[in-house]
Amino acid sequence: MVDLLEVSGLTKRFGGLVAVNNVSFSVREKEILSVIGPNGAGKSTLFKLISSFLRPTSGEVRLKGERISNLAPHIAARKGVVRTFQETTIFKNMSVRDNVIIAHHLRSRANLFGFFLGTVAAKADEAAFGQSADDILALLGLASLAGETARNLPHGHLRALGIAIGLATNPSILLLDEPFAGMNHDETMRMVSMVRRLRDLGLTILLVEHDMPAVMKISDRVVVLNFGQKIAEGTPPEIQANDKVIDAYLGSEDEAIGL
Ligand SMILES: Nc1ncnc2c1ncn2[C@@H]1O[C@H](COP(=O)(O)OP(=O)(O)OP(=O)(O)O)[C@@H](O)[C@H]1O
């Protein structure tokens, strides 16, 4: 498989603290790769570095060979590294469908202005974007909720809408930040099969997550961080049998690794 995203020697210091310490790994095309680690291991910081929300102290991130670290986050997103939209960035008073249509317009700022002003070109775009939005909503099991106001959605569906919005921006790689947080077992299992469906359709997915059973179920490969450093990388069975990983989790107050 081809490497889509390469993380090389990535380091982030906050004063005297090295939150991410010389981390390197690659995400292959069409795989689900999860980053795990005990509390404070550096997962969120790594995610922000990859999505260009933070600049690295040293090291770099490349997408299809092109350096994307040091770009502004919206430029990195346009290049195809898309972080799923959090609930706070969903337009709660708009319908589910309009939220996804607007995300299509975000590919081009000119189109977005047209959307709000109702120009002729924007109306033509809207027909095409509407069809694409309907396809995405169907894919994520949200078709029956297309006309619903976003603020009325239950938690699990709101999370799915965040993914739908991300998909509408046409990502090369989708970054999911704790996609199972706050979900009950059934919602988690639905989200696991939804993310796998996206992978089966050819999308590449990088996620950070605390829910170990879900990570072990969903991932093709797993990268483990501890105190900012990568301590292991491998398939879920390899990670579950890795002594360094077991020690890191036993030495922390985090949940068990699902052994
Ligand atoms: N902006 C910041 N300024 C200073 N220190 C920070 C900053 N962001 C994170 N840190 C520190 O960097 C370390 C790694 O934090 P990070 O949030 O990346 O870990 P994490 O693995 O995501 O943790 P959790 O699982 O608890 O969310 C922690 O010690 C944290 O306190």
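The notes below deal with the structure included here. Remember, it's a predicted structure, so these values are computed and weren't measured experimentally. (Residues numbered from 1 in each chain as written. Predicted model: local features only at pLDDT ≥ 70, side-chain atom pairs only at ≥ 80, totals over all residues. Heavy atoms only, no water.)

## Details of the site of the ligand
Keep this limit in mind: One heavy atom within 4 Å of a molecule or strand is enough for the residue carrying it to be called near that molecule or strand. Polar contact is defined as a pair of N or O atoms within 3.5 Å, subject to the rule that within protein one atom must be able to donate a hydrogen and the other to accept it, and that residues adjacent in sequence are counted only when both atoms are side-chain atoms. The accessible surface values rely on the Shrake-Rupley method and a 1.4 Å probe; as for residues, cover is taken only from the protein chains in view.
As a structural note, the neighbourhood of the ligand is formed by F14, L17, A19, P38, N39, G40, A41, G42, K43, S44, T45 and H210. In the environment of the ligand, an oxygen atom lies 2.9 Å from a nitrogen or oxygen atom belonging to the backbone of G40. Here K43 contributes a side-chain N or O atom positioned 2.7 Å from an oxygen atom of the ligand. Expressed as a share of its isolated accessible area of 630 Å², the protein-covered part of the ligand is 58%.

## A word on the layout of surface pockets
One way to see where empty space is left: roll a probe the size of a water molecule over the atoms. Note the cut-off: Here a cavity denotes a set of grid points, spaced 1 Å apart and computed over the protein atoms alone, in which a 1.4 Å probe fits but from which it cannot get out, and a pocket denotes an open set meeting protein on both sides within 12 Å along at least five of seven lines; residues with an atom within 4 Å of a point are reported as lining. Grid points are joined across faces, edges and corners, and a volume is the space filled by probe spheres set on the points. Numbering goes from the N terminus for both helices and strands, where a helix is a DSSP run of H or I of at least four residues and a strand is a run of E of at least two. Throughout this entry, Asp, Glu, Lys and Arg are counted as charged residues, while Ala, Val, Leu, Ile, Met, Phe, Trp, Tyr, Cys and Pro are counted as nonpolar. The remaining residues, Gly among them, count as polar.
One number sums up the size of the second largest pocket: a volume of about 220 Å³. If you trace the second largest pocket, you find 14 residues lining it, with G156, H157, A160, R190 and M194 closest to the centre. For the lining of the second largest pocket, the secondary structure elements donating two or more residues are α6 (155-168) and α7 (185-200). Ranked by residue count, the leading element in the lining of the second largest pocket is α7, at six residues. Residue composition of the lining of the second largest pocket, grouped by class: seven nonpolar, four polar and three charged.

## Here's the deal with the environment of F14
Let me state the cut-off plainly: We call a residue buried when its accessible area falls under 20% of the maximum for its residue type, exposed when it is over 50%, and partly exposed in between, using a 1.4 Å probe and counting protein chains only. It only takes one pair of heavy atoms within 4.5 Å for two residues to be counted as in contact.
Residue position: F14 is located in strand β1 (residues 3-14). Taking relative accessible area as the criterion, F14 reaches 41% and is therefore assigned partly exposed. Note: C-alpha distance between F14 and T57 (43 residues apart in sequence) is 9.1 Å. Excluding residues that lie within four positions of it along the chain, F14 makes contacts with A19, T45 and L54.

## Structural notes on unusual backbone geometry
A negative phi angle characterises most non-glycine residues, just as the trans form characterises most peptide bonds. Unlike most non-glycine residues, K64 shows phi in positive territory, near 45°. Tracing the sequence through the fold places K64 in the loop between β4 (58-63) and β5 (66-67). For K64, a relative accessible area of 56% corresponds to the exposed category. If you check the backbone angles, N170 has positive phi at about 65° while not being a glycine. Here N170 is to be found in the loop between α6 and β7 (173-177).

## Comments concerning the packing of α6 against α7
Heads up, the rule is: To get an axis, a line is fitted to the C-alpha atoms, and for a helix only the part in contact is used. The angle between two axes follows their N-to-C directions and goes from 0 to 180 degrees. Put simply, angles under 35 degrees are roughly parallel, angles over 145 are roughly antiparallel, angles from 65 to 115 are roughly perpendicular, and the rest are oblique. The handedness criterion is simple: a crossing whose near helix is rotated anticlockwise from the far helix by less than a right angle is left-handed, and one whose near helix is rotated clockwise is right-handed.
Two elements in contact, α6 and α7, have axes whose closest approach is 10 Å; the angle formed by their N-to-C orientations is 15°. Classified by the angle between their axes, α6 and α7 sit roughly parallel to one another. Viewed along their axes, α6 and α7 form a crossing whose handedness is right-handed. Residues G156, R159, A160, I163 and L167 of α6 pack against E187, M191, M194 and L198 of α7. Of the residues assigned to the contact of α6 with α7, the class counts are six nonpolar, one polar and two charged.

## A closer look at the sheet that holds strand β9 (residues 221-226)
Here is the rule: Only strands joined by at least two bridges in the DSSP assignment are considered to pair.
The sheet built from six strands is open, its strands ordered β6-β7-β8-β3-β9-β10 with mixed pairing. Since the sheet does not close on itself, it has two edges, and those belong to β6 (81-83) and β10 (229-234), each with one partner. Taken pair by pair, the neighbouring strands of this sheet meet at an average axis angle of 20°, ignoring direction. As paired strands, β9 and β10 are joined by five bridges and run antiparallel to one another. Paired with V222 across the two strands is G234, which belongs to β10. Sitting on the sheet, helix α10 (residues 243-250) is in contact with β3 (32-36), β9 and β10, with an inclination near 130° to β10.

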